[in-house]
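So you can see what is in the structure, the chains are spelled out below.
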Amino acid sequence: MSELLVVRDLETQFKVRAGRLHAVNGVSFNLRQGEMLGVVGESGCGKSVTMMSLIRLLPPSASITNGTVMLEGLDLVKANKEQINAVRGSKIAMIFQDPMTSLNPFLKIGIQLSEGLMYHRKMGKKEAYERCAQYLDLVGISNSRQRLEEYPHQLSGGMRQRVMIAMALVCEPKIIIADEPTTALDVTIQAQIVELVKELRDKLDASIIWITHDLSLLAGMVDRILVMYAGCIVEEACLRDLYKDPRHPYTIGLLESIPRIKDHENRRLKSIPGQPPNLLEKPTSCLFASRCTFKTKRCEREVPSLASVPGDVEGSSHRIACWVDTRGRQ
Amino acid sequence: MGRYVLNRILRWIPSVFFILLVVYALVFFGAGDPIKLIFLKAPGDVAYDEARIEAIREAAGLNRPFLIQFGDYMLHIMRGDFGNSLVSGRSVNEMIKAAVPVTFSLGLAAIAIIAVIGTILGAIAALNQNTWIDNLIVGFAQFTWGIPVFVAGPLIIVFLVLVLKMDVPFGWAGFFSPKIIVPLIVMGLNPMAIIIRQARAGVLEVLSEDYIRTARSKGLPTKTLVIRHILRPVLTPVVSQTGLLVIGALNNSILIEKVFGLPGLGWLTENAITRSDYPVILAIVFIFSFVVMTSNLLVDISYPLLDPRAASKKKGED
Amino acid sequence: MVIETKKKAIDEEKQYSLFRDAMHRLMANRLALLGLIVVFLVILIAIIGPFITPYDFLSQDLNYRNKPPSIQHWFGTDDLGRDVLSRVIYGARTAVIVAFSVTILSYLIGIVLGSLAGYLGGKVDSFVVWLIDVFMSIPSLLLVIVINVSIKPVLVNWMDAKFLETHNQFFRNTTWVDFAIVFGSLALIKWPKAARIIRGQILSIKNKNYVLAAQAIGVPTSKIIRRYIIPNSIGPFIVSISSTLGEAMVLESSFSFLGVGVKPPIPSWGNMISDGLRVWQVYPHILAAPAIVLAIVTISFSFLGDGLNDALNPRQWK
């Protein structure tokens, strides 16, 4: 299992009226072949922007100001238009959050599903439609051939999301980025989609990046988790380590704030005090410091970098960006 | 779908009827006596023989009640007979038959050309938003939208003739003669600005939609993206805007035909006004209303064809 | 997401009221600024016009007919020896008076009908919408023509009769009738637009969540109108008023051009252009002066209107 994607020091900024918004501040991580990576963080922490920066899917006001994204020997940050287009949809595919608006209402499902296939794999229409029908079956949509001739508004939200998933799969990409694919759906449909993805994961050879703000969703699904805050990765660990031994104060706060069924009736819901920071300036200190119960002087002066947790073997897979050793202090 | 069309047509008939009724009434009750007008040229003239005038009126059926006269007129129209000109005595049908091709060919050509060119320019502007291309196109649109045809027309004529020393582009030499180029351009200026603006706004709006982001994420080439994903949603507002252009084109035809000396419906209208030729006026009102209503109808029908979501709603109505 | 952080950051930094923000944006738009200046100039000239004209716009000097521009006559003279510059200046007055009166009149009608439709909804709304549709289907030129042909003679006859009755000089002057008809018909053409805007605003705001929320906590209706509806409608309102002003000006000159608006000897840029069309090949200045001035003014309105629209209805974060 080799490193498929290597991201180093990625920085993305938005031009806004009040100046520049530093949405992604030095993100580095690897993605292995066949691995499923969860990315979790609150709204506005930059998780979507980070992943969309991988394929440079940004609005005109945004630009990648630093960093490299290496995929199969090509730096996606510096690639030209043709190269990036060859990667999009074909090597890296995306599934978006809102299925109601992410499909073009003016085009039939068949066209939207097959166009990537016809362009990237140079398939003829008949062959492409065959393949699309197969994938519709795979994601659990009945009457697949008929569906190809229908329009998006004729399908329910859950079905549309399945179509989106099929659309991402159809070119058999190496990496699939799912940006909060279940957030806009009912809980029951959410469960179905999660089950579907788990099934597919076993069948496909692709790596999956699953972005969500709901930490509890990732349990039982992903291999590793990245916790993001204010445009940085604050903790990186395999699933077990994150839930059993969280080290970063933010992760600890997140886990504590999840309401549990076994909770005492009168127990107040725990939340993390304070507000997310203003991202108009480049960070010069730990951005979580103002809300952190463990903060020290150093936290307010230096930006912590991602490093192995204290007490672990050097080069281990559990890393945090923190100056404080939170063991035993919880 | 058929029922939808039928429904629309059924609503169209009373509207045309209503307009005709109002105009006929205005002319009937307002302007006064066509016979008197023939004989009496200035206010304050006294009819030299009241009795004679009365006799003529009686013979022409002008003393019958309003509704009967109106009904009679409608019957004639349905048979396609618009009566005779008060001034020349010629059949109004003939006059109109001669004039219609001029106005319609010019108008239709102008609208068709503008719709296509305008949409393309608007799309180009939107896709290059805030660059010099965008500013140029938008500035051009603002400029041409401002100038009325009867100002642009003469100014262009003056420029062409006095400065470029070309021939005066006056008169009608058939649709396929070069003389039509200048009137065509002048006619197209205002509407083009509107279409450019509409297309640009439409494309900008579509660009910010999620489904465009999805399409981009699939790595499709720009050409496919623009033509398949962006232009199709924009067609709906552009087509409906084009429909609205028809009214403006009719208005402008009256002005342009005066400026360029083209013997079309507009020119007919102007003549009819100055000489109070009511049958001609009424016939022209009817034709204009008919054209406007028909184009509205066509635009309405086009919605379900262009927008799949509307198509389902219509089927639901059935 | 990122947008919420963005917004919060900006809110914390500065408090922009809608007005100050809009003014900022408007001032930054050079074309719109240019338009604004020209429009102000025109209004100014309209007010002080008769005091600065070198000659009276009516006075004829038959020794000086059709003279090209010179030191004594900056724009030359027309075929009755009248100073063209003075007539152009007075034309500004005509244009402004008509434009403002028509706008006010049509907005009065529009506000009443639009509000009734918006507030009461149901049958009243359907009726008003139908009325708006019918009016908008009538080519404006046609409407004015028909009114001119039908109602004007009635009014003139009435005035004549009154004059014979009372010997009051007032009834001798038919220019009042001309103006009244021009105002009336233009208002009839423009009111649907005003009504539509008002109705649209009321409807969209009535259903906005923040209004429903305010009602839910018991805010009285008058306060809702004052605090929510009016500030949110002002933007589109201002834009549509400015564009109506410009359009009314164009309409007036079109009608005067055709001879159904303001008639000579009262100068309107429209009828001056029409006069100029007859002799432009020999005396181009008679055509060029009013045409160029009208072109500049209408283009300025166009720029100003667009600038106001961008300033008050921002859609894109730059």
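Here the structure is a predicted model, which is why all the values come from computation and not from measurement.

Undergrad: How do you make sense of the overall build of chain C when you look at a structure like this?
TA: A count of helices and strands for chain C gives eleven helices and zero strands. Along chain C, from the amino end to the carboxyl end, the secondary structure elements read α-α-α-α-α-α-α-α-α-α-α. In chain C, buried positions account for 42% of the 318 residues. The long-range fraction of contacts in chain C, counting pairs at least 24 apart against all pairs at least 6 apart in sequence, stands at 68%.

Undergrad: It is not clear to me how the overall build of chain A should be interpreted in this structure. Could you clarify?
TA: From N to C terminus, chain A includes ten helices and twelve strands. Taken over C-alpha atoms, the radius of gyration comes to 21 Å for chain A, in line with the 20 Å a tight globule of 330 residues would show. Across its three principal directions, the C-alpha atoms of chain A cover 65 × 50 × 45 Å. Out of the 330 residues belonging to chain A, those deemed buried represent 46%. In chain A, once contacts between residues fewer than 6 apart in sequence are set aside, the share between residues at least 24 apart is 64%.

Undergrad: I would appreciate a short explanation of the nonpolar core in the present structure.
TA: Note that soluble globular proteins tend to have their nonpolar side chains buried in a common cluster. Counting 146 residues, the largest nonpolar core has B:I196, B:L282, B:I284 and B:V285 as the members making the most contacts within it. If one sorts the elements of this core by residue count, helix α11 (residues 284-312) of chain C sits on top with 15 residues. Discounting chain neighbours no more than four positions away, the residues touching B:I284 are B:L265, B:L268, B:T269 and B:A272. With 96 residues, the next largest nonpolar core counts A:L71, A:L117, A:A289 and A:V324 among its residues.

Undergrad: Quick question: what am I supposed to make of the interface of chain C and chain B here?
TA: Put simply, an interface is often sized by how much accessible area is lost when its parts join up. In this complex, chain C contributes 38 residues to the contact, which on the side of chain B involves 42 residues. Within the residue set of the side of chain C that touches chain B, elements represented by two or more residues are α5 (122-137), α6 (140-166), α9 (221-258), α10 (269-279) and α11 of chain C. When its residues are assigned to classes, the side of chain C that touches chain B shows 28 nonpolar, eight polar and two charged.

Undergrad: Quick question: what am I supposed to make of the sheet that holds strand β5 (residues 74-75) of chain A here?
TA: To summarise the sheet geometry, strands pair through backbone hydrogen bonds and adopt either a parallel or an antiparallel arrangement. Residues and elements named next belong to chain A. If you trace the four strands from one edge of the open sheet to the other, you get β2-β1-β4-β5, paired in antiparallel fashion. One side of each edge strand has no neighbouring strand; the edge strands of this open sheet are β2 (19-32) and β5. Taken together, the two bridges between strand β4 (residues 62-71) and β5 define a ladder with antiparallel strand orientation. Residue pairing in the sheet places L71 in a bridge with L74 of β5.

Undergrad: Would you take a moment to explain the environment of A:R56 for this structure?
TA: Residues and elements named next belong to chain A. Relative to the helices and strands, R56 resides in the loop between α1 (47-54) and β4. Note: C-alpha distance between R56 and R88 (32 residues apart in sequence) is 9.3 Å. Contact partners of R56, with chain neighbours within four places excluded, come to I64, L76 and I84.

Undergrad: Which parts of the structure should I look at to understand helix α7 (residues 175-206) of chain C?
TA: Side chains three or four residues apart in an α-helix point the same way, a direct result of the helix having 3.6 residues per turn. For α7(C), with 32 residues, the first-to-last C-alpha span of 45 Å sits near the 46 Å given by 1.5 Å per residue. Of all the bends in α7(C), the largest measures some 35 degrees and sits at C:K190, one to four residues before the proline C:P192.

Undergrad: Got a minute to help me understand helix α10 (residues 249-257) of chain A in this structure?
TA: Of the positions making up α10(A), those classed as buried are A:P249, A:Y250, A:T251 and A:L254. Buried residues belonging to α10(A) abut α8 (215-218), β9 (224-229), β10 (232-238) and α9 (239-244) of chain A.

Undergrad: Which parts of the structure should I look at to understand unusual backbone geometry?
TA: Both trends apply: most residues other than glycine have a negative phi, and most peptide bonds are in trans. Residues and elements named next belong to chain A. Located in the positive-phi region is E72, a residue other than glycine, with phi close to 50 degrees. Position of E72 among the secondary structure elements: in the loop between β4 and β5. A count of 10 C-beta atoms within 10 Å places E72 in the exposed class.

Undergrad: Sorry, what's going on with the environment of A:L155 here?
TA: All names here are of chain A. On the secondary structure map, L155 appears in the loop between α5 (144-147) and α6 (157-169). Classification of L155 by C-beta neighbours within 10 Å gives partly exposed; the count is 19. For L155 and G19, which are 136 residues apart along the polypeptide, the C-alpha to C-alpha distance reads 42 Å. Ignoring sequence-local partners within four residues, the contact set of L155 consists of E150, R160 and V163.

Undergrad: Would you take a moment to explain the pairing of strand β3 (residues 36-40) of chain A for this structure?
TA: Residues in a regular strand project their side chains so that they alternate between the two faces of the sheet. All names here are of chain A. Burial runs high along β3: five of the five residues are buried. Neither face of β3 is exposed, since M36, G38 and V40 on one face and L37 and V39 on the opposite face are all buried. In the sheet, β3 pairs with strand β8 (residues 207-212) via five bridges, with the strands oriented parallel. Each residue of the ladder has a partner; that of G38, found in β8, is W210. As defined by bridge partners, β3 adjoins β9 across four bridges and the pair is classed as parallel.

Cut-off values and rules
Residues numbered from 1 in each chain as written. Chains lettered and ligands numbered in written order. Predicted model: local features only at pLDDT ≥ 70, side-chain atom pairs only at ≥ 80, totals over all residues. Helix = DSSP H or I, 4+ residues; strand = E, 2+ residues; numbered from the N terminus. Buried ≥ 20, exposed ≤ 12 C-beta atoms within 10 Å, placed from the backbone. Contact = placed C-beta atoms within 7 Å. Rg over C-alpha atoms; globule rule 2.2 N^0.38 Å. Core = buried A, V, L, I, M, F, W, Y, C linked by C-beta atoms within 7 Å. Nonpolar A, V, L, I, M, F, W, Y, C, P; charged D, E, K, R; others polar. Pairing = 2+ DSSP bridges. Expected span 1.5 Å × (residues − 1). Bend = angle between axes of the 7 residues up to and from the residue.

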